[in-house]
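A structural walkthrough
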Amino acid sequence: MPYTDPGRPPLASASAYLWWVARGQAGLVARCVAWSTAAFVSAAVLPYLLGRAIDTGLDHGADAALWRPVLLLLGVGVFGAVANVIEHRRLVEGWIRSAFRSSQLLGHHVTRTGDAVTAELPTGEVVATVASDSLRVGEVFWIVPRLVGAIAAYAVVAVLMLQASVALGVAVLVGLPAVAAILALVVKPLSSREAAQRAAAGRLTTFGADTVSGLRILRGIGGEEVFAERYREQSQKVRRAGVRVAQTESVLDALKALLPGLFLAGVVWYGAHLALAGTITPGELVTFFGYAAFLTQPLDVATEALRILTRAVVGVRRILRVLSVPPTGADTREHPLDLASRDTAQPAPSLSDEESGLEVPAGRLTALVSHDPDESAAVALRLGLLGAGHDATRVRLDGVPLAHLGLAEVRRRVVVAESTPHLFTGSLRDELDVRGGTDDAARLAALHVADAHDVLDSVPDGLDGHVTEKGRSLSGGQRQRLALARALLTEAEVLVLVEPTSAVDAHTEARIAERLAAARTGRTTVVVTASPLVLDHVDHVALLDGGRVVAEGGHRELMDRGDLASRRYRSVVSRAAADDAEAERALDTARTLDTARTLDEDHTREEDDRATAHR
Amino acid sequence: MRLPIADPTMLREHTAALLRRHGRALALVLVLHVLAALAGLAGPWLLGRIVDAVGSGTTTGFVDRAALWLVGAVIAQTILIRYAQRSSRILGETVFAELREEFVTTVTRLPLSVVERAGTGDLVGRTTNDIDRAQHSVRFGVPRILVTSATVALTLVAALVIDWRVSLGLLVGVPTLVATTRWYLRRATPAYLRESAAYATLNGTISESVEGARTIDALGLGRRRRDRIDDDQREAFAAESATLNLRTVLFPGVDVSFVLPIVAVLLWGAYLVQAGLTTVGAVTTIAVYALQIRHPIGELIYWLDEIQVGATSLARIVGVRSVEPDRTVGPDRPAGEQVDARDLRYAYREGHDVLHGIDLSLRVGERLAVVGPSGAGKSTLGRMLAGIHPPTGGTVTVDGVRLVDLPLEDLRGHVALVTQEHHVFVGTLAENLRLADPDADEAQLRHALASVDALDWAESLPDGLATEVGSGGVTLTPGQAQQIALARLVLLDPHTLVLDEATSLLDPRAARHLEQSLSRVLDGRTVVAIAHRLYTAHDADRVAVVDDGRISEIGPHDDLVAAGGEYAALWRSWQQD
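Because the structure is predicted, anything quoted here is derived from the model rather than measured. (Residues numbered from 1 in each chain as written. Chains lettered and ligands numbered in written order. Predicted model: local features only at pLDDT ≥ 70, side-chain atom pairs only at ≥ 80, totals over all residues.)

1. Digging into the overall build of chain A
Selection criterion: The secondary structure listing takes helices from DSSP runs of H or I that are at least 4 residues long and strands from runs of E that are at least 2 residues long, numbered from the N terminus. A radius of gyration in this sense is built from C-alpha atoms; the matching globule rule multiplies 2.2 Å by the number of residues raised to 0.38. Using C-beta atoms placed from the backbone, we call a residue buried if 20 or more other C-beta atoms fall within 10 Å of its own, exposed if 12 or fewer do, and partly exposed for counts in between. Residue pairs qualify as contacts under a 7 Å threshold applied to their C-beta atoms, which are placed from the backbone.
What chain A contains, in helices and strands, is 23 helices and 12 strands. By the compact-globule yardstick of 25 Å for 615 residues, chain A is too spread out, its C-alpha radius of gyration being 36 Å. Dimensions of chain A, computed from the C-alpha atoms along their principal axes, are close to 120 × 55 × 50 Å. Residue burial in chain A is summarised as follows: out of 615 residues, 52% are buried. The long-range fraction of contacts in chain A, counting pairs at least 24 apart against all pairs at least 6 apart in sequence, stands at 75%.

2. Quick notes on the overall build of chain B
Helices and strands together make up the secondary structure of chain B, namely 22 helices and 12 strands. On C-alpha atoms alone, chain B measures out to a radius of gyration of 35 Å, which is more than a quarter above the 25 Å that the 2.2 N^0.38 rule sets for 577 residues. By its C-alpha atoms, chain B is 120 × 55 × 45 Å across when sized along the principal axes. Classification of the 577 residues of chain B by burial places 51% in the buried group.

3. Points about the sheet that holds strand E2 (residues 358–360) of chain A
Residues and elements named next belong to chain A. Inclusion rule: Paired strands, in this sense, are two strands between which DSSP finds at least two bridges. The axes used here are C-alpha line fits, helices contributing only the stretch in contact, and every angle between their N-to-C directions lies in the interval 0 to 180 degrees.
Here four strands make up an open sheet; going across it, the order is E2-E1-E4-E5 and the pairing antiparallel. Only two strands of the sheet have a single neighbouring strand rather than two, namely E2 and strand E5 (400–401). Two strands pair when backbone bridges link them, and strand E1 (residues 351–353) and strand E4 (residues 395–397) are joined in this way by three bridges, in the antiparallel orientation. Bridge pairing links Ser-352 to Arg-396 in E4. Of the strands in this sheet, E1, E2 and E4 are in contact with helix H11 (residues 373–383), which crosses E1 at around 125°.

4. Points about the domain arrangement of chain A
To be explicit about the condition: An automatic or database domain assignment is the source of the domain bounds shown.
Here chain A is partitioned into domain 1 (1–153 + 300–329), domain 2 (166–279), domain 3 (351–560) and domain 4 (577–615). A separation of 50 Å is found between the C-alpha centroids of domain 1 of chain A and domain 3 of chain A.

5. Quick notes on the pairing of strand E12 (residues 548–553) of chain A
The side chains of a regular strand alternate, first on one face of the sheet and then on the other. Residues and elements named next belong to chain A. Inspection of the sheet shows strand E11 (residues 540–545) paired to E12 by five bridges, in the antiparallel sense. By the bridge assignment, Leu-544 is partnered in E12 with Val-549. Between E11 and E12, which follow one another and run antiparallel, lie two residues, and Gly-546 among them has a positive phi close to 60°.

6. What to know about the nonpolar core
Rules: We define the nonpolar core as any set of buried residues of the types Ala, Val, Leu, Ile, Met, Phe, Trp, Tyr and Cys, connected via C-beta atoms lying within 7 Å of each other.
Counting 355 residues, the largest nonpolar core has A:Phe289, A:Ala380, A:Ala485, A:Val496, B:Val265, B:Leu266 and B:Ile286 as the members making the most contacts within it. Counting residues per element, this core draws most heavily on helix H8 (residues 224–277) of chain A, at 21 residues. Filtering out sequence-adjacent residues up to four positions away, A:Ala485 remains in contact with A:Leu432, A:Ala446, A:Leu447, A:Val449, A:Ala450 and A:Ala452.

7. Examining the interface of chain A and chain B
Note the following rule: Note on residue categories: nonpolar means Ala, Val, Leu, Ile, Met, Phe, Trp, Tyr, Cys or Pro, charged means Asp, Glu, Lys or Arg, and polar means any other residue, Gly included.
With 144 residues of chain A at the contact, the number on the chain B side is 137 residues. When residues of the side of chain A that touches chain B are assigned to their parent elements, the largest contribution, 31 residues, is made by H8(A). Of the residues that constitute the side of chain A that touches chain B, the class distribution is 77 nonpolar, 44 polar and 23 charged.

8. Brief notes about the confidence of the model for chain B
All names here are of chain B. Note the threshold: Each residue gets a pLDDT score, which is the predictor's confidence in that residue and runs from 0 to 100.
For chain B, per-residue confidence averages 85 on the pLDDT scale, and 95% of positions sit at 70 or higher. The element-level mean pLDDT for chain B is lowest in helix H19 (residues 508–522), coming to 69, with helix H7 (residues 164–167) highest at 93. With pTM at 0.80, the complex prediction returns an ipTM value of 0.84.

9. Focus: helix H9 (residues 282–294) of chain A
What counts is decided by this rule: Expected helix span is given by 1.5 Å per residue-to-residue step, counting one fewer step than there are residues.
Compared with an ideal rise of 1.5 Å per residue, which puts 13 residues at 18 Å, H9(A) spans 18 Å between its outermost C-alpha atoms and is within 8% of the ideal. For H9(A), the buried fraction is high: 13 of the 13 residues fall into the buried class.

10. Structural notes on the sheet that holds strand E12 (residues 550–555) of chain B
Residues and elements named next belong to chain B. If you trace the six strands from one edge of the open sheet to the other, you get E6-E9-E10-E3-E11-E12, paired in mixed fashion. Two strands in the sheet have a free side with no partner beyond their single neighbour: strand E6 (415–418) and E12. Sheet twist, expressed as the mean angle between neighbouring strand axes with direction ignored, is 15°. As paired elements, E6 and strand E9 (residues 496–500) share four bridges and run parallel to each other. Paired with Val-418 across the bridge in E9 is Leu-499. Docked against the sheet, helix H13 (residues 378–385) engages strand E3 (367–371), E6, E9, strand E10 (526–530) and strand E11 (542–547), running at close to 155° with respect to E10.

11. Brief notes about unusual backbone geometry
For A:Asp398, which is not glycine, the phi dihedral falls at a positive 50°. With respect to the helices, strands and loops of the structure, A:Asp398 is situated in the loop between E4 and E5.

12. A short note on the pairing of strand E10 (residues 524–528) of chain A
Residue and element names in this part refer to chain A. As a reminder of what qualifies: A crossover counts as right-handed when, viewed with the strands pointing away from the observer, the path leading from the first strand over the helix to the second turns clockwise.
Judged by how many residues are buried, E10 sits mostly within the fold: five of five residues are covered. Looking at chain direction, strand E9 (residues 494–498) and E10 are connected through five bridges and run parallel. From the neighbouring strand, Val-496 faces E10, where its bridge partner is Val-526. In this region the chain leaves E9, passes through helix H18 (residues 506–519) and returns to the parallel neighbour E10; the handedness of that crossover is right-handed.

13. Describing the domain arrangement of chain B
A common way to express how large an interface is: the accessible area buried when the components associate. Segmenting chain B into domains produces domain 1 (1–163 + 309–324), domain 2 (164–277) and domain 3 (339–575). Look at where the C-alpha atoms of domain 2 of chain B and domain 3 of chain B centre, and you get two points 53 Å apart.

14. Topic: the packing of helix H1 (residues 14–24) of chain A against helix H10 (residues 296–323) of chain A
Residues and elements named next belong to chain A. We apply this condition: Note that the term roughly parallel is reserved for angles under 35 degrees, roughly antiparallel for angles over 145, roughly perpendicular for angles of 65 to 115, and oblique for everything else.
Packing of H1 against H10 leaves a shortest axis separation of 9 Å and a crossing angle of 90°. Here H1 lies roughly perpendicular to H10, going by the angle between them. The residues of H10 that touch H1, namely those facing Ala-14, Tyr-17 and Leu-18, are Val-313, Val-316, Arg-317 and Leu-320. In the contact of H1 with H10, the residues fall into six nonpolar, no polar and one charged.

15. Considering helix H6 (residues 166–213) of chain A
Heads up, the rule is: At any given residue, the bend is defined as the angle formed between two axes, one fitted to the seven residues that end at that position and one fitted to the seven that begin there.
Relative to the 70 Å expected for 48 residues at 1.5 Å per residue, H6(A) spans 67 Å between its end C-alpha atoms, a close match to the ideal helical length. In H6(A), a bend of some 30° at A:Lys188 exceeds every other bend along the element, and A:Pro189, a proline, comes one to four places later.

16. A few points about the packing of H8(A) against H9(A)
Residue and element names in this part refer to chain A. Applied cut-off: We call a crossing left-handed when the near helix sits turned anticlockwise from the far one by less than a right angle, and right-handed when that turn is clockwise.
At a minimum axis distance of 9 Å, the contact between H8 and H9 shows a crossing angle of 165°. When the axes of H8 and H9 are compared, the pair comes out roughly antiparallel. Helix-helix and strand crossings are classified by hand; for H8 and H9 the assignment is right-handed. Here H8 contributes Phe-263, Leu-264, Val-267, Val-268, Gly-271, Ala-272 and Ala-275 to the contact with H9, which in turn contributes Pro-282, Leu-285, Phe-288, Phe-289, Ala-292 and Ala-293.

17. Topic: the confidence of the model for chain A
Residues at a pLDDT of 70 or more form 90% of chain A, whose mean pLDDT is 83. Of the regions scoring below 50 in pLDDT, residues 576–615 of chain A engages in 34 contacts with residues more than four places distant in sequence or in other chains.

18. Here's the deal with the environment of A:Arg396
Residue and element names in this part refer to chain A. One can find Arg-396 in strand E4. On a C-alpha basis, the gap between Arg-396 and Arg-561 in space is 30 Å, while along the polypeptide they are 165 residues apart. Excluding its chain neighbours within four sequence positions, the residues that come into contact with Arg-396 are Ser-352 and Pro-401.

The structure is reproduced here in structure tokens:
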């Protein structure tokens, strides 16, 4: 454990999946069944031997006649103890193998699908599937061997009882399943009340976690009492729901005593009559009593099996839904993506995007600017084919369409780093160096470029320090700068950065921009931004509007030029001077002009001047 | 720094106090369970009587009466179990509700400095996992332990009453039972804690992979993530194996401990029967008891094990109570609105001051922009000015009264803080707003939303202001979440506001939109805006440049630009022209 390769399950149906898992551990399943049967049957035989011992009359002391059944009882008891523990070990093994295999399949699959998996299913549901549904698969391999063992024990008891008395045997065989059926009827309303309580309790847990997560915000504005009160109210709701469950559940508890108890009384009464008539011995009466008590166990196993199997089928269906999400193709089972080996002598490729008309010059730092940040981000994602729905034939790397390179090669050469990427739990040293083979000097250098040295101070132990889940212990700006350092350390031939400094202050942004330009000298870099502090340091700027590149040039050049496109550029960049609404109005006007081309440029200039006058 | 964990003494005292508060209910539960267990012992006893009667020859009348007695005992047991189970379950629910409510109330009153140092993760863990684990023990464990111990004790008593000589045979199993159980229980808790930690890590790794699926794709992290999952599974497997090995000793030990008494009772009983000291029936009854006692003792061991795990969770829940408050309410209440900081110092770690004696007087109604590099202490200054936690040196006062001497509900009427964190609480939109003013009516809520430009989208939600938002409800954009935060400020109506990069995590477009809503909220208030977008600074009455825990420049924008310092340099590079 774990499997080196969890294999490929059939995705057609839940039963096919379970059968596939079972076949994968067939020998183990067989051993589980064998030992379960042994354990159950040896427990079933105990009342029989007890009866035999009592039938010796006990009145000759511990003589040979008594020793025989008693030693047998001891032997069966000890054998049962051994069988029990071996059964338990095998069952746990079967449980772990099947559960872990499912969890491994899921865990591996989600690393190949990209965000298609969360587009298909809500994140919470996928996580729940991995956390609980794979355990449901394990439960199947826990209960089924026990069910087989229980049925075997039930059969053995039935045969033994029928031999002693047909009537009692039939009573046990028919009576107990009837009792189980009646209990199952009561369980139904109970489970709906339990579900209500679980739902209320789930909401309570959410409230609790929510209040604690938002505690810092609550502290800023007050409201702690309101939330504590709300938690108390929900807690009382859960309590009341729990009391309702207790009403029903205690009835069930009582019935669990009543029905087998009455059945037992019936067996004792009838058996005593048989014993009086001499049809059975007193020892056999004791045996029947023992059986009637023992047989509740196989019944419990059977009802448990029913519950587990129903739940498992639902769980496996959810597993299959996740496993059916197709992989992106960059990192497949046949060709796992391995970025560990790095080509140090890299060329600096150029990049072109037919759809927007963007030409990214080789070895330079290019900025993508747009009034609508989503628009420029979309082009950036397309350059690296990140996300779904890109036409890979229309983006070219050094003239070669990305479709020809294959997604794995694209991932190796073009790295797209989004504005708020995910930070993973782990030591800073590991989490920064995603491609392997980087030394600490390079790590520190990258942290310097991203101006993220303060992160080293904020986690104890420097590079050995631990990044907690989602980087929660870090501020938003720290997370962003850390992610930037991580992206830089990929040393990708083409690095595409989407708004890499949106969460940092002006001082820091200015420093990062300068260092970034220096660090990527001679290599191809694209940065999506509208910040003048960053644009000041780029080699080349492309302005997008309506999905197309409408102006290109140096930042200074675009700031100083007098044409329509440059004015639009300025209105995007110089937010400091333009009131938002007016800038937008000016832009809308400009766009209308652009498309309709009905008004002359003087008029436009007038519009623009008016906007300027408001500044 | 971790949050405190209760030591055994504190845990014991707390549990004892809790039980004392429910003493009567507990006594009732115990009596009912004892009676129910007693009724359950009738079966084997009557069986023994019948065996004796059949042996010595009797009438069907006796058998019928015995069966009727048995039916009577079963019915009595049924009724007793019904009420015993009901009251013990209700007791469990009540006690646990009390426990969790106390905990959450304590948590919401924790000093923020403690929360921040300990991290949210620890608290969320206690609120969810620990509460969950403890509830299993409190709600089910305590009642089951009562039932099973009562059953075991009464079975022994009954056996002794029926025939104390024969009952001696039952003791044969005690040494092995006690020895294996002790051996096991001593080792079980750490092993099971390791196991649940291993599963938590594994689940955490996989959820991270799901949540970060896009980043994994973008950076080609697949293989690393798969290796991580395999490592976690290896550890989970090792932990499972460790607990399995413990059970491998426990199970046979317990099983054999239950076979030995049956054998002993039969052999020793036969000797006594031969000697005329007892009857076959008594031996039968006690042998059946020996067979039956296995179930309650097995369950008892299981719960003793579980309750140890529950106790470690309970220690973490109760432990939070030992955090000392960091503010004590003083007698004075301010009348004016003048906020001053004098020689303000703060150190997160002793000897490492983040703020080095800041003096700052806010002018009533002014807008002060605070700019400066990351890590300069801007946010710390903001938190001190909002009275979130006490400074380690110097004072922050409003009208001469220290902020940390004000009760929290008063403090928020004076100064409020909005940070870049946005969190939509689970509940309706209206509930999210009423945090700031529990008594606000619908009209006030609408007014607050309208003042931040949020009424339109709020009304277009499926159920308007009654729409469930937050985790599990309608997802709001970060911009909308921040508008809600601002609407709360309108309801709260403090005279002084501290905005700590309130818009910095939003995309630039949403941020600009929000700045407009903001300006309306700010009207007529004293505002301290910690900002990284310089146009905020440009609009402010004064700008304070914070560098390395000190205010290096302060004054109106134009003066600072004219002075040609650091601010001027930044402004020029921003301004371009």
